[in-house]
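One letter stands for each residue in the lines below.
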Amino acid sequence: MLFRSVTFDPSKDSAVVTADATAAIQSSETVLGLQSGMLQKALCKKKIKAGNDFVEQDMTLEQASDSRDALSKAIYSRLFDTLIGKINAALSEGHEVGFEEGGEDTRIIGVVDIFGFEVFGVNSLEQLCINFTNERLHQFFNSFVFKLEEQLYAREGIPWDPLDFPDNADAVDILQAKTTGIFAILDEECIVPQGSDQGFCNKLMKQHKGHRRFDEIKTKPSWFVVKHFAGPVQYCTDSFLDKNKDQLSNDIIECMAGSGNAFIANLFKQDRKFAEVLAPKEEEAGGPTKKKKKYSVSSEFKDQLSSLMDIVDATEPHFIRCIKPNPRNKDRKSTRLNSSHLCNLV
């Protein structure tokens, strides 16, 4: 909340904190355990390497605003992860909860509240991630139901054709394939020199033209269409790259890791994404160099979803299907349901 009150003077050529925001940034530094002026400097300036030395360069207004927002999200995300970790540790009561064969304790009851499929007037990276999650969970649901149906038909001695069973594997693959998937192409465009949203969209058109799950919009050159299991969704690629990077500058990472508050400092020191910035350089220590993984919003999201699916795959699932009766959330009112969308869901 304090960060949202940190504003920058639009009349200046470089990023300068406004006089009205002085109290907010000082309060932020106090809460975060930072020395006076550290946060303001990290937001408004950045170090760049010039030969063997580093020089300071002023940030633009847009860069400083993006850094402020990215830091807010990073702190919230790390606090959330830490809270969940402590809750899980408390609930385990000293038992190691594992899902590998032979684990000490494989007993677990989990509830996955699946957020609904999203389609708006303008859909962006957030909707793509959410709808990708729904594709993965729907794929798991299909596989689970397929096994139940197979067992039922076998018990009843009824012949059937498994090819008739709905499969959205191609929809999942077009999103998550290692080199040709939409997320992989997005990550690639984020690291190439002068990568752009339009360049990302053009690469998608070239790679997936003619794919049954993909389409383009002639009148909207920066948009693309993914034909999900629940229906086609149009995505606008504007700001896709900025949202996917959402990276903190090295100066801000070092600033936060140097906090006098051990809890705040450890939020950043213990995050593997920041290891390359905070850990000593292996080459400087004479050790072998190792290519470090580059983290993006989409790659981290995919990793977390894969971990969730590993857990779900190791459990005995039970599904509760919910149907929204009407868009106004009113009792005793119902609208006609679209049978084409619901026949595979109910």
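A brief structural summary. Starting afresh in each chain, residues are numbered from 1 along the sequence in its written order. At least 70 in pLDDT is required for a residue's local features to be given in this predicted model, at least 80 for side-chain atom pairs to be given and counted, and no such filter applies to totals for whole chains, interfaces and linings, which use all residues. For the side-chain quantities, the full set of heavy atoms in the structure was used; hydrogens and water were omitted.

**Some remarks on the packing of helix α6 (residues 182–191) against helix α12 (residues 297–313)**
For any two helices packed against each other, the geometry is given by the interaxial angle and the distance between the axes.
Item 1. As a packed pair, α6 and α12 sit with axes 9 Å apart at the nearest point and diverge in direction by 145°. Where α6 approaches α12, its residues Phe-183, Leu-186 and Asp-187 are matched on the opposing element by Ser-298, Ser-299 and Lys-302. Axis lines are fitted through C-alpha atoms, for helices just across the contact stretch, and the angle between N-to-C directions can take any value from 0 to 180 degrees. By the criteria applied, helices consist of DSSP H or I runs no shorter than four residues and strands consist of E runs no shorter than two, each listed in order from the N terminus. Contact criterion: two residues are considered in contact whenever any of their non-hydrogen atoms come within 4.5 Å of each other.

**Here's the deal with a nonpolar patch on the surface**
Item 1. What makes a patch is a set of residues exposed beyond 30% relative accessible area and free of salt bridges, joined within 9 Å when like-charged and within 5 Å when nonpolar (Val, Leu, Ile, Met, Phe, Trp, Tyr). A 1.4 Å probe and the Shrake-Rupley method give the accessible areas. Residues count as covered only by the protein chains that appear here. One speaks of a salt bridge when a side-chain nitrogen belonging to Lys or Arg is within 4 Å of a carboxyl oxygen belonging to Asp or Glu. Side chains of Tyr-76, Phe-80, Leu-83, Ile-84, Ile-87 and Leu-91 sit close together on the surface and give an oily, nonpolar patch of about 640 Å² of accessible area.
Item 2. On the secondary structure map, Ile-87 appears in helix α3 (residues 61–92).
Item 3. Relative accessibility decides the category of a residue: with a 1.4 Å probe and only protein chains considered, values under 20% of the type maximum give buried, values over 50% give exposed, and everything between is partly exposed. For Ile-87, a relative accessible area of 39% corresponds to the partly exposed category.

**Describing the pairing of strand β2 (residues 53–58)**
Regular strands have side chains that alternate between both faces of the sheet.
Item 1. A pair of strands is considered paired only if DSSP assigns at least 2 bridges between the two. Of the strand pairs in this sheet, strand β1 (residues 45–50) and β2 are connected by six bridges, and their pairing is antiparallel. In the strand pairing of β2, Lys-47 is matched with Glu-56.
Item 2. As consecutive antiparallel partners, β1 and β2 are separated by two residues, and within that stretch Gly-51 has a phi angle of approximately 70°, a positive value.

**Considerations on the packing of aromatic side chains**
Item 1. For Phe, Tyr and Trp, rings pair up if their centres lie within 6.5 Å, where Trp contributes its six-membered ring, and each pair is then called stacked (planes under 30 degrees apart), edge-to-face (over 60) or tilted (otherwise). Considering all chains together, one arrives at nine aromatic pairs under this definition.
Item 2. In this structure an aromatic cluster arises from ring pairing among Phe-200, Phe-214, Phe-224, Tyr-235 and Phe-240.
Item 3. Above the face of the Trp-223 ring, Lys-220 is positioned so that its terminal group lies 4.2 Å from the ring centre.
Item 4. A cation over a ring is seen here: Lys-273 above Phe-274, with NZ or CZ 5.3 Å from the ring centre. A ring has a charge above it when a Lys NZ or an Arg CZ is no more than 6 Å from the ring centre and no more than 35 degrees off the ring normal.

**Some thoughts on the state of the cysteines**
Item 1. Disulfide: a pair of cysteine sulfur atoms within 2.5 Å of each other. Per the stated rule, a full pass over the model turns up zero disulfides.
Item 2. Among the cysteines around Cys-236, which has no disulfide bond, Cys-201 carries the closest sulfur, lying 8.7 Å off.

**What about unusual backbone geometry?**
Residues other than glycine predominantly adopt negative phi, and peptide bonds predominantly adopt the trans conformation.
Item 1. For Gln-194, which is not glycine, the phi torsion reads 60° and is therefore positive.
Item 2. Here Gln-194 shows up in the loop between α6 and α7 (197–208).
Item 3. Gln-194 sits in the exposed class, given a relative accessible area of 81%.
Item 4. Unlike most non-glycine residues, Ser-239 shows phi in positive territory, near 70°.
Item 5. Structurally, Ser-239 is set in the loop between β5 (231–236) and α8 (240–245).
Item 6. Accessibility expressed as a relative area gives 33% for Ser-239, which makes it partly exposed.

**Notes on the nonpolar core**
Item 1. In this structure, Phe-8, Leu-71, Leu-248, Met-256 and Phe-268 are the most contacted members of the largest nonpolar core, which totals 30 residues.
Item 2. Of all the elements in the fold, those that place two or more residues in this core are α1 (22–32), α2 (38–44), α3, α9 (250–257) and α10 (262–269).
Item 3. Apart from residues lying up to four places away in sequence, Leu-71 is in contact with Phe-3, Leu-39, Leu-248, Ile-252, Met-256 and Phe-268.
Item 4. Only buried Ala, Val, Leu, Ile, Met, Phe, Trp, Tyr and Cys residues count toward a nonpolar core, and they belong to the same one when joined by side-chain atoms within 4.5 Å. In this structure, Leu-137, Ile-185, Phe-224 and Phe-240 belong to the second largest nonpolar core, which totals 28 residues.

**Description of α3**
Item 1. A helix is expected to span 1.5 Å for every residue after the first. Taking 1.5 Å per residue, 32 residues should reach 46 Å; α3 reaches 47 Å between its end C-alpha atoms and fits that length.
Item 2. Along α3, the positions that sit buried rather than exposed are Ala-64, Ser-65, Ser-67, Arg-68, Ala-70, Leu-71, Ala-74, Ile-75, Arg-78, Thr-82 and Ser-92.
Item 3. If you follow the buried residues of α3, they end up packed against α1, α2, α9 and α10.

**Structural notes on α1**
Item 1. Residues of α1 that are buried include every one of Ala-24, Ile-25, Ser-28, Glu-29 and Leu-32, and no others. Looking straight down α1, one finds its buried side chains confined to an arc of 135°; they lie on one side. When the buried face of α1 is taken as reference, the exposed residues oriented beyond 90 degrees from it are Thr-30 and Val-31.
Item 2. Considering only its buried residues, α1 is in contact with α2, α3, α9 and α10.
Item 3. Looking one or two places after α1, you find Gly-33, whose phi comes out positive at around 70°. The arc in question is the one spanned by the directions pointing from the helix axis to the C-beta atoms.

**Brief notes about the sheet that holds strand β4 (residues 223–228)**
Item 1. Strand order in this open sheet of three strands is β3-β4-β5, and the pairing throughout is antiparallel. The open sheet has two edge strands with one neighbour each: β3 (214–216) and β5. The average angle at which neighbouring strand axes cross in this sheet is 25°, direction not considered.
Item 2. Bridge count between β3 and β4: three bridges; the pairing is antiparallel. Pairing of Asp-215 across the sheet is with Val-225, part of β4.

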